[in-house]
Structures are given as C-alpha cells and as structure tokens.
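Per-entry structural report
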Amino acid sequence: MTDNRDLHDNYTANTTMALDIITVSKLVSNCIWRFVPPVLFVLGTFGNLLSIYVLNRSDKTSTLINLSALAVCDLFALYSGLGREWIIHVFKYDIRDFSDVFCKLHFYSVTFSLQFSSWILVAITIERVISVQRPHMAKLECTKMFALTVLCTESLVLLVLDGHLLYGFSLTHNNATTFSNGSANESNYSLKLKCQPSQVNEQYARFVYYVWTWIDFGVAFLLPFVILLTCNVLIVVNIKQSQRFQRVATSKNARTSLNSQKPVLSLTAILLTLNSVFFICVGPANIFLIGQFYWWPYDVSNEYDEAIMELVWAVVGILMYSNNAVNFILYIFCGSQFRAEVKCLLLKICGKSTRILPRRRQFACHALTINISYKQTSSC
C-alpha cells in the first residue's frame, strides 16, 4: 500500500513538473516570437536599405552587385519568413492558410530566399578568393556581367530544385488532436485547414519530412559551409603571405602597393565576418529543421514534446533570421570604405538640414560627423 502511494506521489510530482515545463516553454517561445521580430524588422529594414543605397553610390563592381543582391534577398527573407512567425504569435493566424495558392507560393519563396542568400555569399567569397590570389586577372574575370550571370544561374537552379514544393504543398484538412496532461485524448479532434504536404500522397509527405529536409540542409547550409570554409582558409593564407611580404618590402613601390591593397583588405574583412556570422546563425536552425522529424515524429506527438520543440525553434529561428538583419552592422564595423560612405551621408543630411533643425539636433549631427577626416570631408 505504501509503495503504491509512493508511486502515485512520484507520478503526481512528475506530472506537475512536466506541466510547469510546458507552461514556461510556451510562455518563453511566445515572448520571443512577439517581441524580438519587431526589433529585427526595424534593424533589418533600416540597415539593408542603407546598405543598398551606400553600395550603389560608387561605381558598380561585381562585388557591390552581389552585396546589393544579398541585401535585397535578406529583406525578402526577413519579411516573408520572420513576418509569418510574428503574425502567428501576435494575431493567431497563419498567412499560409489564406489560400491554396498562397500556401504554395509562400513556402516556395521562403525556401528559395534562404537558399539564395547562402549562395550569394558563396559567389562573393569565390570572387574574393580570385581577387586576393590573382588581383590582375580579377579585373578581367570578375565583371559586372559575370556577376549578373552567376546570380541568374544560381536563382534558376534553385527555382527548379524547389519546384516540387508548388506541387506537393496545399491546404488540407488536418486532424488536430487535443492533448491533456501530456497524453493524447483520442476522442477530441478538430478539423482544420493547414498548409502542409499533401495528405493524399503519403509517400510525398514522407519524402518532404525525411528526404527533402536533407536536400535542403545540403543546399542551404552544408555545401555552402564547405565552400565558404575552404575559401576562407585560402583567403587567410594569402593574407598571411601578403603581410609577410609587406614586412620584407621597404621600397617606395612596396608602400604604394600596400596602400592600394587597403580596399581589398577591407572587403576581405567584411567577407570573413559575414561568413562567420553565417556559420553561427544559420547552422543551428538547419540542424533543427533536419532533425525535428526524428526527435519529434509528426505521427507520434504529445504536448510536452510540442512545447519543447516550439521553444527550440523560437531560439534557432530568431538566430537564423538575425543573420538577415545584422549584415549592415558588419559592413560598418569591418569595412572602412562603408563607414566613410555612411559618414559622408550623415554629413550631407546634416549639412542640408542646418537651417531647419533645432540646436539640439544640430549638435547631434555635429557629434555624429565630427570624426570625419578632412580628406573624407572633401571627398564627400
């Protein structure tokens, strides 16, 4: 009798703890999705638009074309992907459930934009390797037309690769089980239209969950990761060799060559930082997306597992979309030319608004632009 009572007490304690974990997990994940996205929207919109403007002030090179395309792609991914998650948790409505056509197009476009963002970064990195290792040939090989051709080729391949999503995803009735105390209640079902792989073709649903996730993982992260890592090693080795040569060189021609390499080193610093942030931000989300159907099978679920899965996805999802919002910060911190262009822009705005702005705002403008050197001011 005592043993049964102890078992009952242990069961009650475990159930209470599980319910507490479920409540806390759902509360934390809901707070993350409600309050973090607006910050990323403001940061990403301002930063990416500023990047597009600043990058297009100079003569368009192949690198600047790719960086501008990356900013546009980041904006689209931010609003289409992160915007959907924010609407779900604030307004309790999934925009994919609006119509069958919208379900197909939205899933297709979000998948494409996240993949395309990775491959734009690959194109920029390969171009930097060519510029660092063969600077004289880079002017002939890395042209604006070549950059546009690469971007069009990458986008066409990804659009074709993801084309099956337009066929396979649709609004279908979903049997949503109501759970109570971590166990399924088989008597309560609610029919709901949900954007998901077609339930008519069960083989396609399993293909999406257990095959396509691996393909998407390879295309969106693993293959770009391998290429970026290899290219980064080549860039770092080449920079080390260049620095060793610069220590030995003492002639005037060598110093002139050093000054001419500053823009290349600035772009290289931006690129190395972009790649590092890509590894940190995009990796966890892709690992989660490929593993969730093994850790939490779609046909075997309970409320505890769903709460934990929602919390993990909130953390790695926000981390992934942060990559689309913070690139301009990396430009500012790592790119001297980008900083100079931003300072010139601030100086131009403050100079035109001197007669309109009150004294406090004039002082703020002066504080923002006071660090601009005479040379930068004259170049503005």
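The structure we're discussing is the one just above.
Overview of the structure. (Residues numbered from 1 in each chain as written. Predicted model: local features only at pLDDT ≥ 70, side-chain atom pairs only at ≥ 80, totals over all residues. Heavy atoms only, no water.)

1. A closer look at the overall build of the protein chain
The following threshold applies: Counting from the N terminus, the helices are the DSSP runs of H or I reaching at least four residues and the strands are the DSSP runs of E reaching at least two. Here the term buried applies to any residue with accessible area under 20% of the maximum for its type, exposed to any over 50%, and partly exposed to those in between, with areas from a 1.4 Å probe on protein chains only. By definition in these notes, contact holds between two residues if any of their heavy atoms fall within 4.5 Å. The Shrake-Rupley method, run with a 1.4 Å probe sphere, supplies the accessible areas, and residue values consider only the shown protein chains as cover.
Counting its regular elements, the protein chain contains 14 helices and two strands. In the protein chain, which comprises 380 residues, the proportion classed as buried is 41%. When contacts within the protein chain are restricted to residue pairs at least 6 apart in sequence, long-range pairs at least 24 apart make up 79% of them. Carbon and sulfur atoms provide 66% of the accessible area of the protein chain, an area that totals close to 21500 Å².

2. So, the nonpolar core
Put simply, the rule reads: To form a nonpolar core, buried Ala, Val, Leu, Ile, Met, Phe, Trp, Tyr and Cys residues must be joined to one another through side-chain atoms within 4.5 Å.
Within the largest apolar cluster, 29 residues are counted, with the highest numbers of intra-cluster contacts made by Phe-116, Ile-120 and Phe-278. Sequence-distant contacts of Phe-278, defined by excluding residues within four places in its chain, comprise Ser-118, Leu-121, Ala-220, Phe-221, Pro-224, Leu-228, Gly-283 and Asn-323. Formed by 17 residues, the second largest nonpolar core is a distinct cluster that contains Leu-40, Trp-296, Val-316 and Ala-325.

3. Section: helix α2 (residues 62-91)
Our working definition: Multiplying one less than the number of residues by 1.5 Å gives the expected span of a helix. Two axes define the bend at a residue: one fitted to the seven residues ending there, one fitted to the seven starting there, and the bend is the angle between them.
Spanning 30 residues, α2 covers 42 Å between terminal C-alpha atoms, matching the ideal 44 Å at 1.5 Å per step. Of all the bends in α2, the greatest, near 35°, is centred on Gly-83. Burial analysis of α2 places 22 of its 30 residues in the buried class, the great majority of the element. Looking one or two residues past α2, Lys-92 carries a phi angle of roughly 55°, positive in sign.

4. Some details on the side chain of Ser-113
Quick reminder of the rule: Polar contact is defined as a pair of N or O atoms within 3.5 Å, subject to the rule that within protein one atom must be able to donate a hydrogen and the other to accept it, and that residues adjacent in sequence are counted only when both atoms are side-chain atoms.
Here Ser-113 is to be found in helix α3 (residues 100-133). Judged by relative accessible area, which is 2%, Ser-113 ranks as buried. In this structure the side chain of Ser-113 is engaged in a polar contact, spanning 2.9 Å, whose partner is the backbone oxygen of Val-110.

5. Considerations on the environment of Lys-104
Assignment of secondary structure puts Lys-104 in helix α3. A C-alpha to C-alpha distance of 5.1 Å links Lys-104 and Leu-166, two positions 62 residues apart in sequence. Not counting residues within four places of it along the chain, the set of residues in contact with Lys-104 comprises Leu-166, Tyr-167, Phe-169 and Ser-170.

6. A short note on the environment of Val-277
By the element assignment, Val-277 lies in helix α9 (residues 262-295). Judged by relative accessible area, Val-277 falls into the buried class, the value being 17%. Spatially, the C-alpha atoms of Val-277 and Asn-327 are 8.8 Å apart, while their sequence positions differ by 50 residues. Those residues in contact with Val-277 that sit more than four places away from it in its chain are Val-282, Asn-323, Val-326 and Leu-330.

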